[in-house]
Amino acid sequence: MSKPVQNIRNLIDLANDAMINSDVPVRFTEFCIQEIDLQESPSSSQRLRDLINAAGGVDRTLNTADIAILMAGSQAGSVAGQVMNIGPGGTPVGWAAQSFERVAFPHEIGHIFGARHNR
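Because the structure is predicted, anything quoted here is derived from the model rather than measured.

(A) Expanded view of the side chain of R47. Counting through the fold element by element, R47 comes out in helix 2 (residues 44-55). Its relative accessible area of 3% is what places R47 among the buried residues. In contact with R47, other than residues within four places in its own chain, are E40, S41, A72, S74, Q75, A76 and W95.

Structure follows, in structure tokens:
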């Protein structure tokens with residue numbers, strides 16, 4: 001098993017721990033881990049568009065999965081991750097920087113499910 005695949009599986013476990021600790025009755029499972037070759041844009045929003053375009057649209061990006069997260073090699077300026085939309089009904093696609101993956105990966109998944117920043 002490759003190191004990136006095991007790393008993503010560990011992040012899924014971490015996200016599940018966050019759900020358990022927050023009393024959220026949702027658990028994540030791996031559907032597909034796929035390596036894609038993208039130039040990392042300095043624009044956070046452009047990274048989302050590039051991910052969707054690389055697969056040929058939102059439906060092909062998700063490929064029957066509920067969400068898709070790109071693990072990027074670097075931040076976009078000071079941004080460590082972003083999702084297309086916060087909450088249900090939006091496009092459940094996001095990205096997270098590997099340098100902050102233990103925080104950014106579950107954080108961005110939380111946004112996809114409607115969680116906002118503490119106010």
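Next comes the rest of the write-up.
(B) How the structure looks around the sheet that holds strand 2 (residues 81-83). Spatial ordering of the open sheet is given by 1-3-2, a layout of 3 strands whose pairing is mixed. A strand with exactly one partner marks an edge of an open sheet, and here the two such strands are strand 1 (68-72) and strand 2. Across this sheet, the average inter-strand angle for adjacent strands is 15°, counted without regard to direction. One ladder, built from 5 bridges, connects strand 1 with strand 3 (residues 93-97); its direction is parallel.

(C) Main features of the environment of S74. With respect to the helices and strands, S74 occurs in the loop between strand 1 and strand 2. The exposure class of S74 is partly exposed, given its relative accessible area of 29%. Spatially, the C-alpha atom of S74 lies 21 Å from that of G110, the residues being 36 residues apart in sequence. Excluding residues within four positions of it along the chain, S74 makes contact with E40, R47, W95 and A97.

(D) Layout of the packing of aromatic side chains. With the rule as written, the count across this model stands at 1 aromatic pair. With centroids separated by 5.6 Å and ring planes inclined at 70°, the aromatic side chains of F28 and F113 adopt a geometry described as edge-to-face. Of this pair, F28 sits in the loop between helix 1 (3-21) and helix 2 while F113 sits in the segment after helix 4 (101-112), placing them 85 residues apart in sequence. Taking the relative accessible area as the measure of exposure, F113 reaches 42% and is therefore partly exposed.

(E) Geometry of the nonpolar core. Ranked by size, the top nonpolar core spans 12 residues in total: L48, L51, I52, L62, A68, L70, A72, A76, A80, V93, W95 and A97. Elements with a contribution of two residues or more to this core: helix 2, strand 1 and strand 3. Not counting residues within four places of it along the chain, the set of residues in contact with A68 comprises T61, L62, P92, V93 and G94. L11, M19, A104 and I109 belong to the second-largest nonpolar core, a separate cluster that totals 11 residues.

Thresholds, definitions, all that
- Residues numbered from 1 in each chain as written.
- Predicted model: local features only at pLDDT ≥ 70, side-chain atom pairs only at ≥ 80, totals over all residues.
- Heavy atoms only, no water.
- Helix = DSSP H or I, 4+ residues; strand = E, 2+ residues; numbered from the N terminus.
- Buried < 20%, exposed > 50% of the residue type's maximum accessible area, 1.4 Å probe, protein only.
- Contact = heavy atoms within 4.5 Å.
- Pairing = 2+ DSSP bridges.
- Axes fitted to C-alpha atoms, helices over the stretch in contact; angles between N-to-C directions.
- Phe/Tyr/Trp six-rings, centres within 6.5 Å; stacked < 30°, edge-to-face > 60°.
- Core = buried A, V, L, I, M, F, W, Y, C linked by side-chain atoms within 4.5 Å.

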